[in-house]
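# Results of the structural survey
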Amino acid sequence: MTAAGPARGGAAKPRWLIRGATIAGSGDGFRVADIAISGESVAAVESGLDHAGATVLDADGLVALPGLVDLHTHLREPGREDAETVETGTAAAALGGYTAVHAMANTDPVADTAGVVEQVWRLGQMAGHCDVQPVGAVTVGLAGTRLAELGTMADSAARVRVFSDDGRCVADPLLMRRALEYVKAFDGVIAQHAQDPRLTEGAQLNEGEMSARLGLAGWPAVAEEAIIARDCLLAAHVGSALHVCHVSTAGSAEIIRWAKAKGWQVTAEVTPHHLLLTDELAAGYDPVFKVNPPLRTDADVTELRRALADGTIDCVATDHAPHPVEAKETEWSEAAFGMTGLETALRVVQHAMVDTGLLDWAGVADRMSVQPARIGRLRGQGVPLTAGAPANITLYDPAAPAEPVIASGASKSRNSPFAGMHLPGRVVATFLRGTPTVLDGKLALSR
Amino acid sequence: MKRHLISAADLSRADAVLILDTAEELAALADRPIKKLPTLRGRTVVNLFYEDSTRTRISFEAAAKRLSADVINFSAKGSSVAKGESLKDTALTLEAMGADAVVIRHGASGAAHRLASWVHGSVLNAGDGTHEHPTQALLDAFTIRRRLRGDGTPGARGAGLDGLRVTIVGDVLHSRVARSNVLLLSTLGAEVTLAAPPTLLPLAVGSWPCAVSYDLDAELPKSDVVMMLRVQQERMGAAYFPSVREYSRRYGLDAARMARLPEHAIVMHPGPMNRGVEIAADVADSVRSTIVEQVANGVTTRMAVLYLLLGGMEFPEVAQ
């Protein structure tokens, strides 16, 4: 267990029987069965289980997934509690079906010391909506000049394994090489925000027809692809693990496919918004569509979906980036980069990947739970639903009629690019180690 | 016409011709002893200028005043903007003061677009970042039509710019004037060619309704109009071109180059000019140059736009 769940303190442990769920495991297709939960674990996954005394949850028509894991979440605490707190961010995560999130390091102060990562880790435990695994900064203050104390963060109570300067690129090739090499000592991984800083000075929008027409400074695909290519070569050279954050271009997917074919330790994520939205949405200059990396083209979206389907891209990560209203109700160039995503990720993935026939529910379980937990070196998460597994479960109704997305949810912020879009599906319940954090689509924990 | 004028793409050919024809009517006023019309009496026009641009602001101010509108000049300097007020809050303030039209000049592309979503009055884009400057394109079209279609008199009413070959030279990538002119002049039937070093053209320029050339000298003999764009100070030394001297040598319009133009061709510049960089002094001051005329035409064209957006379709005052 990475964190003490709310179930741990109770004397009488709740027992649940989830009846008639469609079980989506990794690699085993799916089948309809009952799930019995005893204590913090799955007791049995069989048909026709009859547990007298258990609370029964009718899951007819619902898909049961291992609790979702997000590799890329901005919880904003400490420092920007006006945008999000660990409490509100993890509540949003639970409502989206997540049982664990990785909290990015670009807080204020930056999570570049054991003290800050332990604080975030403890705030996550106190919130209880899901596990919070802090990500440590690669460089002091995200400044890209000196390595942060990576080993001390790894040895801390927060057990940091993923390190990232996300929001900024570790652009210095020597520093990147050293970071990749250094974290081998404790099975760490460097998660790179691939963005050449010189090629993106003042950049606002994907460089293409839209940026030319709108007069917004172009953000070339090559600024991402050149760094990914370099980092793959560096990771191969020193035999280290590289994770590529928020892949956004067709060319990036091609480079990662090539690196994987070489057998190098390269993994990658894609965001829900890059699986669905394009730079055409910037036509009205509404900064709710301003994000880093930028929304790209239809051709990129198509390739990213294909790469996620064939496993070139290992997982979906939200890059949930909450911002207060005033950071978005402004001119495009003044506005903050980022979109919320925790509460809509699964619905977007259903729409973009499942309903299009690119991925089945076993594939969704793999890309949204198993793989991100593996890349994040998370214990007790991303385990397929079998007897003895931790009872981290997401119950999802894919047949729920497509309702327009409501921007205001549990997150403190409302910068959802999906607001008003009709998306299918609904997260019905989320269980964290046997205790429901969400029931009937609402937060189950009272506070 | 739409309620706002934000992009030249908002204008159909009929809209654009109506504006030019209206400007011709209003130009007649300039020859009268009393240059003022009562058309917009009681209406309030706000000039909201976030960038220094004396010439554009004065042009809009003169246009609104000649139509008897009340004009409020709101400049970023010395206003609450300096204290960090957001564009939205400023918009709501102007709204509360009852602005019927807001003329906005802003350094951010899309600022006029955003403003239009927050106010009820008409929004006129007087230049937003590197996006558009539609009234500049209208006054340029008006100038071209007068010079090359109407012998300098209001005889070209109803006409477009069909078949005229316009070459726009210089920093297209960062130019709002170029974007608006490509859209408007092609709507009016002109054949537009952009001549610039590849570094100063958008990568996706192929999707625009114009031709592209890297060779100015090849374009000059077939141009009816050459429009020179200003080279901004901040582009110099940012690797867009090796040196100002080389830029001037390859893309500057000097007397020798001007001599390659057809006899009837005109030379335009939206101002302010860098004499000796994109245009030589003797070219700027030559008889082919319409630079001063463009300034005068700016007032009448902007009067026409304000009139059509705020006034209505009839103007009996100048009908005779």
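Rules behind the numbers
- Residues numbered from 1 in each chain as written.
- Chains lettered and ligands numbered in written order.
- Predicted model: local features only at pLDDT ≥ 70, side-chain atom pairs only at ≥ 80, totals over all residues.
- Helix = DSSP H or I, 4+ residues; strand = E, 2+ residues; numbered from the N terminus.
- Rg over C-alpha atoms; globule rule 2.2 N^0.38 Å.
- Buried ≥ 20, exposed ≤ 12 C-beta atoms within 10 Å, placed from the backbone.
- Contact = placed C-beta atoms within 7 Å.
- Axes fitted to C-alpha atoms, helices over the stretch in contact; angles between N-to-C directions.
- Parallel < 35°, antiparallel > 145°, perpendicular 65-115°, else oblique.
- Left-handed = near helix turned anticlockwise from the far one by under 90°.
- Nonpolar A, V, L, I, M, F, W, Y, C, P; charged D, E, K, R; others polar.
- Pairing = 2+ DSSP bridges.
- Domains from an automatic or database assignment.

It is worth spelling out the overall build of chain A at this point. Helix and strand counts for chain A come out as 10 helices and 21 strands. For a compact globule of 447 residues, the expected C-alpha radius of gyration is about 22 Å, and chain A comes in at 21 Å, within 12% of that figure. Projected onto the principal axes, the alpha-carbon positions of chain A cover approximately 65 × 45 × 45 Å. By the burial criterion, 61% of the 447 residues in chain A qualify as buried. Considering only contacts within chain A whose residues lie at least 6 apart along the sequence, 75% involve residues at least 24 apart.

With that settled, consider the environment of F186 of chain A. All names here are of chain A. Note that F186 resides in the loop between α4 (173-182) and β10 (189-192). By C-beta crowding, F186 is classed as partly exposed, having 15 other C-beta atoms within 10 Å. A sequence separation of 27 residues divides F186 from R159, and the C-alpha atoms of the two residues are 9.9 Å apart. Once you skip the residues sitting within four places of it in the chain, F186 turns out to touch G151 and A154.

Each pair of packed helices can be summarised by the angle the axes make with each other and by the distance between the axes. Residue and element names in this part refer to chain B. Viewed as axis vectors pointing N to C, helix α1 (residues 13-27) and helix α5 (residues 134-149) meet at an angle of 65°, and their least axial separation amounts to 10 Å. With respect to their mutual orientation, α1 and α5 come out roughly perpendicular. Handedness of the α1/α5 crossing: right-handed. Contacts between α1 and α5 involve A16, I19, L20 and A23 from the former and L138, A141, F142 and R145 from the latter. Of the residues assigned to the contact of α1 with α5, the class counts are 7 nonpolar, no polar and 1 charged.

Time to look at the sheet that holds strand β2 (residues 70-75) of chain B. Residues and elements named next belong to chain B. Strand order in the open sheet formed by 4 strands is β2-β1-β3-β4, with parallel pairing between adjacent strands. A single partner strand is all that each edge strand has here, and the edge strands are β2 and β4 (122-128). Across this sheet, the average inter-strand angle for adjacent strands is 15°, counted without regard to direction. Relative to β2, strand β1 (residues 44-49) runs parallel, the two being bridged by 6 bridges. By the bridge assignment, V45 is partnered in β2 with V71.

A few words now on the sheet that holds strand β15 (residues 315-316) of chain A. Residue and element names in this part refer to chain A. The strand order across the open sheet built from 5 strands is β9-β10-β13-β14-β15, with neighbouring strands paired in parallel fashion. Every interior strand has two partners, whereas the edge strands, β9 (162-163) and β15, have only one. The pairing of strand β14 (residues 266-270) with β15 spans 2 bridges and is parallel. Among the inter-strand pairings, V270 is bridged to a residue of β15, identified as V316.

Tallying the contact residues gives 17 residues for chain A and 20 residues for chain B. For the side of chain A that touches chain B, the element with the most residues is helix α5 (residues 209-214) of chain A, which contributes 3 residues. Residues of the side of chain A that touches chain B, tallied by class, amount to 5 nonpolar, 6 polar and 6 charged.

It is worth spelling out the domain arrangement of chain B at this point. Residues and elements named next belong to chain B. Domain assignment breaks chain B into domain 1 (8-132 + 295-318) and domain 2 (134-290). Its C-alpha centre places domain 1 at a distance of 25 Å from the equivalent point of domain 2. Between domain 1 and domain 2, the residue contacts involve 27 residues of the former and 23 residues of the latter. Looking at the side of domain 1 that touches domain 2, the elements with two or more residues in it are α1, β4 and α11 (291-311). Looking at the side of domain 1 that touches domain 2, its residues break down into 12 nonpolar, 8 polar and 7 charged.

This part is about the packing of α5 of chain B against α11 of chain B. Residues and elements named next belong to chain B. For the pair α5 and α11, the least separation of the axes is 8 Å and the interaxial angle reads 115°. Remark: the crossing between α5 and α11 carries right-handed chirality. Residues T135, L138, L139, D140, F142 and T143 of α5 touch α11, and the partners they reach there are E293, Q294, N297, G298, T301, R302 and V305. Taken together, the residues of the contact of α5 with α11 sort by class into 4 nonpolar, 6 polar and 3 charged.

On to the pairing of β10 of chain A. Each regular strand shows side chains that alternate between the opposite faces of the sheet. Residue and element names in this part refer to chain A. Covered by surrounding structure in β10 are V189 and A191 together with I190 and Q192, the residues of both alternating faces. With 2 bridges connecting them, β9 and β10 associate as parallel partners. Paired with V162 across the strands is V189, a residue of β10. Two elements, β10 and strand β13 (residues 242-244), share 3 bridges in a ladder whose sense is parallel. Looking at β13, one finds that Q192 is bridged to V244.

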